[in-house]
Amino acid sequence: MKITSVTFKNTEGHELAGRLELPIDQHPHNFALFAHCFTCNKNLLAVKNISRALTSMGFGVLRFDFTGLGESEGDFEDTNFSGNVDDLVAASDYLAQHHKAPSLLVGHSLGGAAVIFAAEEIESVRAIATVGAPSNPQHVQHLLQSSIDEIKANGKASVNLSGRTFTIKKQFLDDLETKSLPQVAKELRKPILIMHSPQDEIVSIKNAEEIYHAAHHPKSFVSLDGADHLLMDKRDSLYVGQVIAGWSSRYIEQPQPEKIKSDHHVVADLPAENGFTTQMKVGSHYMIADEPEAVGGNNFGPTPYELVSAGLAACTAMTIQMYAKRKGWEIKELEVHTSYDKQHAQDCDDCENDTAKIDTFKREIRMQADLDEKQRNRILQIADKCPVHRTLHSDTQVLTTLVE
């Protein structure tokens, strides 16, 4: 994936810090916005893993720190749940202005409650996914139970949460009491996926049941059996991201490029607006060719010369293994490494001239095989007889016609 640091301002003028993750091999088909758990931040392992699973499925993902947390400006003690919802709307506005408005909201724990509220205000959202979310924001109060009396009496208190000390003000509690998530979920008319672990000791599975019953169809529930609340096992968080991506495909439009057709073995399709990013049909397979970003490409696929090098490497490997099997020689592992460059020819009569260079493919063959020196030398000879190698050395012609 490609990760970029981004910043944007919320309604209070605080600068919020985020990470925008993009797929490595395509433009995002949609953007997702991620809301982290109470007092967490964008760099929680589960947040990163879920985001990366989504980018691997073609989503762009913005994960950011709520006000006063992580790298974002502002004082956490002056925030509340409503402020988190406002931060999500500000993040959505950033995506809409610089990329594309989010169609998917994902929230973990209290962030799950926040995305349900935010979905009302973000028109572009087509689907919502919650992970370990409480059925009411007031659930957070049980984490503060030992300090609630002090907060109410003094207006604030220092609370230790997960080994860190936070100042919680009474206005935070007051704000929670005004929020009715079941009512919002009942009125929400957007598809929702509710994911929860039956073993969650922080937010019980009962919360998932309450959200599910309050929400309208289409709604789905997926049990995260065996997972803890923070999804500390990497397999759990990656699974969550993969399930969300698959589930959301029923509700979020994912444009599919029109499959190109040709009577030829290979066809390349490059519209003007795509730069160098070229859709390819190679035999019965579809792929992308591109150029590096340094020369104006997107680096979504191999360059034309890398494709030529790949053909030489693959053909060499196939030819050697085919010969070895016919001879009864066992090559347990065979690797063919190739690279392309322009270099001065050996024994060149005009080597002092910089233009006197020829196309050069370097090829290294690595084998795990119990072969003697004579057999190894024979393998080198066979490598030079691979069809692609012979084509590169032979006189070839390219017959080109312009077809209307």
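Refer to the structure presented above.
Residues numbered from 1 in each chain as written. Predicted model: local features only at pLDDT ≥ 70, side-chain atom pairs only at ≥ 80, totals over all residues. Heavy atoms only, no water.

Draft legend 1. Main features of the overall build of the protein. Helix and strand counts for the protein come out as 11 helices and 15 strands. The globule rule puts the C-alpha radius of gyration for 404 residues at 22 Å, and the 29 Å found for the protein is more than 25% above it. The C-alpha extent of the protein, read off along each of the three principal axes, is 90 × 55 × 45 Å. Taking all 404 residues of the protein together, 44% fall into the buried category. (Helix = DSSP H or I, 4+ residues; strand = E, 2+ residues; numbered from the N terminus. Rg over C-alpha atoms; globule rule 2.2 N^0.38 Å. Buried < 20%, exposed > 50% of the residue type's maximum accessible area, 1.4 Å probe, protein only.)

Draft legend 2. Fine view of the environment of lysine 325. Its place among the elements puts lysine 325 in helix α9 (residues 304–327). In this structure lysine 325 comes out as exposed when scored by relative accessible area, which is 64%. Here the alpha-carbon distance between lysine 325 and valine 267, two residues 58 residues apart in the chain, equals 34 Å.

Draft legend 3. The arrangement of the nonpolar core in detail. Counting residues in hydrophobic clusters, the biggest one holds 54 residues, and the most contacted among them are Leu62 and Leu88. Apart from residues no more than four positions distant in its own chain, leucine 62 is found in contact with Val6, Phe8, Gly18, Arg19, Leu20, Ala32, Leu33, Phe34, Ala91, Tyr94 and Leu95. Residues Leu193, Val240, Trp247 and Ile252 belong to the second largest nonpolar core, which totals 28 residues. (Core = buried A, V, L, I, M, F, W, Y, C linked by side-chain atoms within 4.5 Å. Contact = heavy atoms within 4.5 Å.)

Draft legend 4. Broad picture of the pairing of strand β6 (residues 127–131). Burial analysis of β6 places 5 of its 5 residues in the buried class, which makes it a mostly covered element. Both faces of β6 are covered, namely the face carrying Ala127, Ala129 and Val131 and the face carrying Ile128 and Thr130. One ladder, built from 5 bridges, connects strand β5 (residues 104–108) with β6; its direction is parallel. Residue leucine 104 lies in a different strand from β6, and its bridge partner there is alanine 127. (Pairing = 2+ DSSP bridges.)

Draft legend 5. Focus on α9. Between its first and last C-alpha, α9 extends 35 Å over 24 residues, near the 34 Å set by a 1.5 Å rise per residue. Those residues of α9 that sit buried are Ser309, Leu312, Ala313, Cys315, Thr316, Thr319, Ile320, Gln321, Tyr323 and Ala324. Following α9 by one or two positions, glycine 328 adopts a phi angle in the positive range, close to 80 degrees. (Expected span 1.5 Å × (residues − 1).)

Draft legend 6. Here's a closer look at the pattern of salt bridges. Counted according to the given criterion, the structure contains 10 salt bridges. For arginine 19, the salt bridge goes to glutamate 71, with nearest N and O atoms at 2.9 Å. With a gap of 52 residues between them, arginine 19 in strand β2 (residues 15–22) and glutamate 71 in the loop between β4 (59–64) and α2 (81–98) connect regions that are remote in the sequence. A relative accessible area of 47% places glutamate 71 in the partly exposed class. A cluster of three or more residues bridged by salt bridges with shared partners is formed by Arg19, Lys42, Asp65 and Glu71. (Salt bridge = Lys/Arg side-chain N within 4 Å of Asp/Glu carboxyl O.)

Draft legend 7. The environment of isoleucine 205, seen in detail. Relative to the elements of secondary structure, isoleucine 205 occurs in the loop between β9 (192–196) and α7 (206–214). Residues isoleucine 205 and aspartate 228 lie 23 residues apart in sequence; the distance between their C-alpha atoms is 11 Å. Setting aside residues no more than four positions away along its own chain, isoleucine 205 makes contact with His196, Ser197, Pro198 and Phe221.

Draft legend 8. Spatial organisation of the packing of aromatic side chains. Evaluation of the coordinates by the stated rule reveals 9 aromatic pairs. A ring pair is formed by phenylalanine 81 and phenylalanine 117, whose centres lie 5.3 Å apart and whose planes are at 80 degrees; its orientation type is edge-to-face. Taken as a pair, phenylalanine 81 in helix α2 and phenylalanine 117 in helix α3 (residues 110–119) lie far apart in primary sequence, 36 residues in all. Across the pair, exposure class does not vary: phenylalanine 81 and phenylalanine 117 are buried alike. In this structure an aromatic cluster arises from ring pairing among Phe8, Phe64, Phe66 and Tyr94. (Phe/Tyr/Trp six-rings, centres within 6.5 Å; stacked < 30°, edge-to-face > 60°.)

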